[in-house]
Amino acid sequence: MKIKFDPNLDFQKQAIESVAGVFEGQEICQTNFTVAPLQSIGNDALFSDHQLEKGLGIGNRLKLLPEDIHKNIRKIQLQNGLAPSEKMDSMDFTVEMETGTGKTYVYLRSIFEMNRLYGFTKFIIVVPSIAIKEGVAKSLEITSEHFKELYENVTFDAFVYDSSKLSDVRNFATSPDIQIMVINIDAFRKSFTDPEKENKANIIHRSHDRMTGAKPIEYIQETNPIVIVDEPQSVDTTSKSKEAIASLNPLCTLRYSATHVDKHHMLYKLDSVDAYDQKLVKQIEVAGIEVKDGHNKAYIKLLSVN
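Keep in mind that this is a model prediction, so the values were computed, not measured.

A. Examining the overall build of the protein more closely. When helices and strands are counted, the protein shows 9 helices and 11 strands. Once local pairs closer than 6 in sequence are excluded, the contacts in the protein between residues at least 24 apart make up 74%.

Pasting the structure below:
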């Protein structure tokens, strides 16, 4: 059985265009940086002779000024019937989509759209759990052919971060092709600056021989990646998680969910009522509790929701 994807759903295209529109006016460009001296271990060369010779990393480069981006997002918000942002205080953006409306497809396709329009190549998808990580990896697998058909057979590498395969991180930094890393927040949330406690930090934050003494996170930071947070209400609700995401040195952070806790610059909103009105979901159910003739009997009172 082969799954076919419809690329022409208006509500999904609107969400994709809203995200891409943030960078309207951006020239297609990249930035180059020098990585640590490349090496081989035994007979297993980590990289090609070309990469060994050049030793160059390739990262995203943003040339727009904050006022240009602010103008773009206000235009998008007004078009989508959203309250325009009063000031440009961060590069954090929110996309709200009801469950079951193709949120994963939308942010994956947005990657290819931003590459086509602006040349961005480095993307990291941060997920809250192993289950969602595997789900995103599967979505990348089954949509691969679809996206190649839509985007002129573009070359891209998608992989799930594995601390035992640090060569993937180096390739992420040095490859000129689209790079999509899927990573669980727990894989890089623990970072310690105290050398005596360094063995308690995630491997991504530790100096490593296979990275010529550098930390894997340093390679990622140099690429200035676009970070996509899937289900942010489960990912970056603590100060440690927010610090971890900031440690990736993102060009911008895009958050996708149906139930956001923190709403940054809202770019697109498709809530449950909108989804029902457009016949994208079958029904809406509201559960409630009611006490009748309770008087002095026991009752239930909701104190708080976490």
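B. Just the pairing of strand β4 (residues 56–60), in detail. Summarising burial for β4: 4 of the 5 residues are buried, a large majority. In terms of strand pairing, strand β1 (residues 30–34) meets β4 through 5 bridges, oriented antiparallel. Bridge assignment links Thr 34 to a residue of β4, and that residue is Leu 56.

C. Quick peek at helix α8 (residues 239–246). For α8, the complete set of buried residues consists of Ser 241, Ala 244 and Ile 245. The buried residues of α8 occupy one face: seen down the axis, they fall within an arc of 95 degrees. Every exposed residue of α8 that faces more than 90 degrees away from the buried side is listed here: Ser 239 and Ala 246. Buried positions along α8 lie against β9 (226–230) and β10 (252–257).

D. Inspection of the side chain of Asn 80 at higher detail. Tracing the backbone through its elements, the reader meets Asn 80 in the loop between α3 (66–79) and β5 (92–97). Within the structure, the side chain of Asn 80 is placed 2.9 Å from the side chain of Ser 18, a separation counted as a polar contact. Once residues within four sequence positions are removed from consideration, Asn 80 is found in contact with Gln 14, Ser 18, Leu 267 and Tyr 268.

What counts as what
- Residues numbered from 1 in each chain as written.
- Predicted model: local features only at pLDDT ≥ 70, side-chain atom pairs only at ≥ 80, totals over all residues.
- Heavy atoms only, no water.
- Helix = DSSP H or I, 4+ residues; strand = E, 2+ residues; numbered from the N terminus.
- Contact = heavy atoms within 4.5 Å.
- Buried < 20%, exposed > 50% of the residue type's maximum accessible area, 1.4 Å probe, protein only.
- Pairing = 2+ DSSP bridges.
- Arc of directions from axis to C-beta.
- Polar contact = N/O pair within 3.5 Å; in protein donor to acceptor, adjacent residues only side chain to side chain.

Any link to function would need more than the numbers given here.
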